[in-house]
Amino acid sequence: MAKIIYNEPSRTLLEYRLLPGLTTENSLIDNISLRTPLIYSDKKDHKYHINVPIVAAAMQSVSGADMAIELAKLGGIAFVYCSQPIEQQAEMIARIKTHKAGFVEPETVHPQITIQDLCALSQQKGYTTFPVIDESGRLLGIITKNDYDVSRHGELCVKDRMLTLDQIVVGTDINNLSEANSILMESHQSVLPIVDKGNKLLYLVFRKDIRNHLNNPYEVIDERKRLMAAAAVNTYDYPERIPALVEAGVDILAIDSSDGYSYFQQQTLLWVKEYYPEIPIIGGNIITPAGFEFLVDNGAGAVKVGMGGGSICITQEQKGTGRGLATAIIKVSEARDSYFKKTGKYVPLIADGGIVHAKDIVIALALGADYVMMGRYFARMEESPTQKVTINNRVMKPYWGEGAARARRWKAMRYSQVKFVEGVEGFVEYAGKLRDNLDDTISKIKASMSSCGVSTIRELHKQAELEVISALSIREGKVHDIYMPDKDQHYYSLNWGE
Ligand code: IMP
């Protein structure tokens, strides 16, 4: 007979609804703050907070440097995946830390390539502006889509169509965005190349990026005003990987594992405590109070909660382990709250796996999570590391689990003890730029918090009232009893059987 059998079924986020609280002036949308602790830090450091409660999962198809840079600008953080060679991951972290908001290290071209080749490169990379440099990296000119027409100039070389240095304004040794901005404002250009004193190309500054930067009030930055960088690590090669990541400037680590209640995770946490006590580290994933206590007792400063719910996850089917995410959050939150009472240490919880909509996020937060981690959501964005493909006239991006055969091909790290896969590979509908999608998600979260009468996530934890909802109520909450010809909707009647 098993040690314990819980007969109450575990529940998913989909089975809960929030009950409204009194909305006051204080909880109007404009007064709501989504700022939340990223990890416990005894330094009371301002930097270990994010300004939107959403982070991107440590997955090959989700969190590369582009995603990490854009998400940090928008107030969250992406965990750069560790299922890649150490040097490559460290390079991504270095790119995030050296990224100067508005200063772009561009893809360059040589003057002798043909316009046809340039066009192919432009399509592949998705950029239309290319600085032209010589063999020593010195700037020769700039070429944009306005400088050629491929049908007319395809056979010519870049040097024949580029704007040369005497035709453009160039900035020398500028590393201050407002200085670059004022030069750009006086020029007629949409882009300003910046060179060093020897005319070596350093950066491009785009007008549109300056506007974006001014529009980034939520940026998460360190004490030197660099974007925050987070990296995943595994429990195998951490003695080599972590020093390289620290050297590259990483601010925070997270152990990437589907089962964090393990001796291997303990060893990793203890190693970090001994050699890099200043670097905070997240443990997980766990779904029980015992798992939570084990990780925090060994030094985890935040804990990822969730097993078996990820959109690409087949752990439950393969191994029979898992728990509905709502129940996992409730049980682990209780353990977290009593740990806080006992020790005064508030350990943030990250709800991870299977979160799709804004409503799922706010319910996870209301149940006790401090922020959520998502994979599928981010895989659909322009900034994810994959290329778009068209399938049946729909624009898609590939998305696969870290336990899927495709991720394991690099090196069977994450699930190396096992011979079977724990994840699948598929496609998700392309959703456009992260900025637009996140904006929409955040406004829904804020609207929901406003209905609950709260203005912070801490207040949501204290004041939220939730109720389990019946299957029929879920059905009722969707569109019904209406025919929508352009929406490809079926006519569902709520009176089943009609
Ligand atoms: P999603 O947001 O529903 O797509 O879930 C993403 C989460 O699934 C990640 O943050 C991981 O915790 C988890 N995950 C990633 N890869 C795998 C896998 O191959 N099998 C099981 N879970 C995975």
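Going along each chain's sequence as written, the residues are numbered from 1 onward. Reporting in this predicted model follows two pLDDT cut-offs: at least 70 for local features of residues, and 80 or more for side-chain atom pairs to be given and counted; totals over whole chains, interfaces and linings ignore these cut-offs and use all residues. Computation of side-chain values covers all heavy atoms of the structure but excludes hydrogens and water.

**Regarding the domain arrangement of the protein chain**
Frequently, the measure chosen for interface size is the accessible area that the parts lose on association. The domains assigned to the protein chain are domain 1 (13-101 + 219-376 + 436-476) and domain 2 (104-210). Between the C-alpha centres of domain 1 and domain 2 the distance comes to 39 Å. Domain extents, as shown, originate in an automatic or database domain assignment.

**Quick word on the pairing of strand S13 (residues 230-233)**
Of the two faces of S13, both are covered, the one formed by Ala230 and Ala232 as well as the one formed by Ala231 and Val233. Whether two strands pair comes down to DSSP finding at least two bridges between them. Put simply, DSSP marks the helices as runs of H or I at least four residues long and the strands as runs of E at least two long, and each gets a number from the N terminus on. By the bridge criterion, two bridges tie strand S5 (residues 77-80) to S13 in an arrangement that is parallel. By the bridge assignment, Val80 is partnered in S13 with Ala231. In this sheet, strand S14 (residues 252-255) lies alongside S13 in parallel orientation, the contact comprising four bridges. Across the sheet, Ala231 pairs through a bridge with Leu253, a residue of S14. When the strands point away from the viewer, a crossover counts as right-handed if the path from the first strand over the helix to the second runs clockwise. The β-α-β motif built from S13, the intervening helix H8 (residues 238-248) and the parallel element S14 has right-handed crossover chirality. Under the scheme applied here, a residue whose accessible area is under 20% of the maximum for its type counts as buried, over 50% as exposed, and between as partly exposed, the area being computed with a 1.4 Å probe on protein chains only.

**Section: the nonpolar core**
If you look at the biggest cluster of nonpolar residues, it comprises 111 residues, and the most contacted ones within it are Phe292 and Phe378. With eight residues, helix H13 (residues 358-367) is the single largest residue contributor to this core. If near-sequence neighbours (up to four positions away) are discounted, Phe378 is found in contact with Ile54, Val55, Ala56, Val62, Met67, Leu71, Ser384 and Leu434. Residues Val109, Val132, Ile143 and Val158 belong to the second largest nonpolar core, which totals eleven residues. What makes a nonpolar core is a set of buried Ala, Val, Leu, Ile, Met, Phe, Trp, Tyr and Cys residues whose side-chain atoms join them at distances within 4.5 Å. We call two residues in contact when some of their heavy atoms are within 4.5 Å.

**Some remarks on the site of the ligand**
Inspection of the region around the ligand gives 23 residues, with Ser311, Asp352, Tyr399, Gly403 and Glu422 positioned closest. We call two N or O atoms a polar contact when they sit within 3.5 Å, provided that within protein one can donate a hydrogen and the other can accept it, with sequence-adjacent residues counted only if both atoms are side-chain atoms. Here an oxygen atom of the ligand sits 2.5 Å away from a polar atom, N or O, in the side chain of Tyr399. At 2.7 Å from a nitrogen atom of the ligand is found a main-chain nitrogen or oxygen belonging to Glu422. Per-residue and other accessible areas were derived by the Shrake-Rupley procedure at a 1.4 Å probe size, with only the shown protein chains allowed to occlude residues. Surface burial for the ligand is 95%, taken as the share of its 500 Å² of free accessible area covered by protein chains. Neighbouring residues are identified by heavy atoms, a residue being near a molecule or strand if any of them is within 4 Å of it.

**Some points on the sheet that holds strand S21 (residues 425-429)**
Within a sheet, neighbouring strands are paired by backbone hydrogen bonds and run either parallel or antiparallel to one another. Read from one edge of the open sheet, three strands run S19-S20-S21, paired in antiparallel fashion. Edge positions in the sheet fall to strand S19 (389-391) and S21, since each of these pairs with one other strand and no more. Averaged over neighbouring strand pairs, the angle between their axes works out to 55° when direction is ignored. Where S19 and strand S20 (residues 394-400) come together, three bridges link them in antiparallel fashion. Residue pairing for S20: Ile391 is matched across the bridge by Arg394. Axis geometry follows a simple rule: fit a line to the C-alpha atoms, using only the stretch in contact for helices, then measure angles between N-to-C directions, giving values from 0 to 180 degrees.

**Digging into the pattern of salt bridges**
For this document, the term salt bridge refers to a Lys or Arg side-chain nitrogen within 4 Å of an Asp or Glu carboxyl oxygen. Tallying each qualifying case throughout the model produces 19 salt bridges. Glu70 is the partner of Arg435 in a salt bridge, and the nearest nitrogen-oxygen pair spans 3.6 Å. Here Arg435, found in helix H16 (residues 434-451), pairs with Glu70, found in helix H1 (residues 65-74); they are 365 residues apart in sequence, far enough to count as distant. Per residue, the accessibility class of Arg435 equals that of Glu70, and both read buried.

**Some remarks on the sheet that holds strand S17 (residues 349-352)**
Strand order in the closed barrel formed by eight strands is S4-S5-S13-S14-S15-S16-S17-S18, with parallel pairing between adjacent strands. Shown here is a sheet whose adjacent strand axes are inclined to one another by a mean of 30°, direction ignored. The sheet contact formed by strand S16 (residues 302-305) and S17 spans three bridges and is parallel. Each bridged residue has a counterpart across the sheet, and for Val305 the counterpart in S17 is Ala351. Against the sheet, helix H9 (residues 263-275) touches S14 and strand S15 (281-286), its axis set at about 170° to S15.

**Some thoughts on unusual backbone geometry**
With an omega of 5°, the peptide bond running from Gly284 to Asn285 counts as cis. Structurally, the position occupied by Asn285 is in strand S15. Located in the positive-phi region is Asn392, a residue other than glycine, with phi close to 50°. Along the chain, Asn392 falls in the loop between S19 and S20. Asn392 gets classed as exposed once you look at its relative accessible area, which sits at 68%. Of note in this structure, Asp481 is not a glycine but carries a positive phi near 55°. Relative to the elements of secondary structure, Asp481 occurs in the segment after helix H18 (471-476). Taking the relative accessible area as the measure of exposure, Asp481 reaches 34% and is therefore partly exposed.

**A short note on helix H2 (residues 86-98)**
With 13 residues, H2 extends 18 Å from end C-alpha to end C-alpha; this agrees with the ideal 18 Å at 1.5 Å per step. Listed as buried for H2 are Ile86, Gln89, Ala90, Met92, Ile93, Ile96 and Lys97. Angular distribution of buried residues about the axis of H2 spans 155°; they occupy a single face of the element. More than 90 degrees from the buried face of H2, the exposed residues found are Glu87 and Glu91. Structurally, H2 contributes buried residues whose contacts are with H1, S5, S13 and H8. Helix span, as expected, comes to 1.5 Å for every residue beyond the first. Arc, as used here, means the arc of the directions from the helix axis to the C-beta atoms.

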